[in-house]
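Here is what each chain is made of, one letter per residue.
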Amino acid sequence: NEGQPCAGLALRSAEAGVCAAMEVLGARRCTPEALGFLGHSLGCAAVLQLAAALSSQRPCWLPGTRLARRIVLSAPFTSIPSMGLAIFGGLRGAGAVIGTVASTSRH
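Residues numbered from 1 in each chain as written. Predicted model: local features only at pLDDT ≥ 70, side-chain atom pairs only at ≥ 80, totals over all residues. Heavy atoms only, no water.

Student: An account of the overall build of the protein is requested, with residue identities and associated values reported.
Tutor: Looking only at helices and strands, one finds four helices and two strands in the protein. Counting every position in the protein, which comprises 107 residues, the buried fraction comes to 23%. Excluding contacts between residues fewer than 6 apart, the proportion of contacts in the protein whose partners are at least 24 apart in sequence is 64%. Of the accessible surface of the protein, which amounts to about 7,400 Å², a share of 59% is contributed by carbon and sulfur atoms. (Helix = DSSP H or I, 4+ residues; strand = E, 2+ residues; numbered from the N terminus. Buried < 20%, exposed > 50% of the residue type's maximum accessible area, 1.4 Å probe, protein only. Contact = heavy atoms within 4.5 Å. Areas by Shrake-Rupley, 256 points an atom, 1.4 Å probe, with all protein chains shown as cover.)

Shown next, in the form of C-alpha cells:
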C-alpha cells in the first residue's frame, strides 16, 4: 500500500495477497485450506489479525471454508513496549514515547 502505515491498511494489503493467492490456487484446483500463514516478529501480529479477520468477516471472494488451518509464528514479540525497547531503546527519549504508546494501546 502507499501512504501512512496503519493496521487497517496493512490488513487490506494482506487480504489482497490472500485474494491473489486464491486466484493461483483456483487455477491449480487447490482449495483455500492449502494456504498457510507465516509471520515473523512484528509480522506475527499482522498474520494473526489477518487470520482473525478472514475467519470472522469472510470476504465474498472466499468460499465458506476454514481458511486459517496453518499459522506459523516465528520469533513473535511479547509486548509492544518490549518490541519498542528492542528497536528504539538506545535513542534519547525512547522510553517516554514507548511508555505513552503502551498506555494508550489496546494490545
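Student: Tell me what's going on with the pairing of strand E1 (residues 37–40), and back it up with residues and numbers.
Tutor: In regular strands, side chains alternate between the two faces of the sheet. Side chains Phe 37 and Gly 39 of E1 all project onto a buried face; the interleaved residues Leu 38 and His 40 project onto a face where none is buried. Across four bridges, the pairing between E1 and strand E2 (residues 71–74) is parallel. Looking across to E2, one finds that Leu 38 is bridged to Val 72. (Pairing = 2+ DSSP bridges.)

Student: If you had to explain helix H2 (residues 43–56) to someone new, which residues and values would you point to?
Tutor: Counted at 1.5 Å a residue, the expected span for H2 with its 14 residues is 20 Å, and the 20 Å between its end C-alpha atoms agrees. If you check which residues of H2 are buried, you get Cys 44, Val 47, Leu 50, Ala 51, Ala 53 and Leu 54. (Expected span 1.5 Å × (residues − 1).)

Student: Go over the nonpolar core, please, and point to the residues and values.
Tutor: Residues Leu 11, Val 18, Met 22, Leu 25, Leu 35, Phe 37, Val 47, Leu 50, Ala 53 and Leu 54 constitute the largest nonpolar core, which totals 10 residues. Going through the elements one at a time, helix H1 (7–27) and H2 are the ones with two or more residues in this core. In this structure Leu 25 touches Cys 30, Thr 31, Ala 34 and Leu 35, once residues within four positions along its chain are discounted. (Core = buried A, V, L, I, M, F, W, Y, C linked by side-chain atoms within 4.5 Å.)

Student: I'd like a rundown of the environment of Gly 36, residues and numbers included.
Tutor: Relative to the elements of secondary structure, Gly 36 occurs in the loop between H1 and E1. Here the alpha-carbon distance between Gly 36 and Arg 69, two residues 33 residues apart in the chain, equals 7.0 Å.

Student: Can you lay out the side chain of Ser 41 for me, pointing to particular residues and giving the numbers?
Tutor: Locating Ser 41 in the fold gives a position in the loop between E1 and H2. In contact with Ser 41, not counting residues within four places along its chain, are Ser 74, Ala 75, Pro 76, Phe 77 and Met 83.

Student: Which residues make up a nonpolar patch on the surface, and what are the values?
Tutor: A surface patch of nonpolar side chains, about 220 Å² in accessible area, is lined by Leu 48, Ile 71 and Leu 73. Among the structural elements, Leu 48 can be located in helix H2. (Patch = residues over 30% accessible without salt bridge, like charges linked within 9 Å, V, L, I, M, F, W, Y side chains within 5 Å. Salt bridge = Lys/Arg side-chain N within 4 Å of Asp/Glu carboxyl O.)

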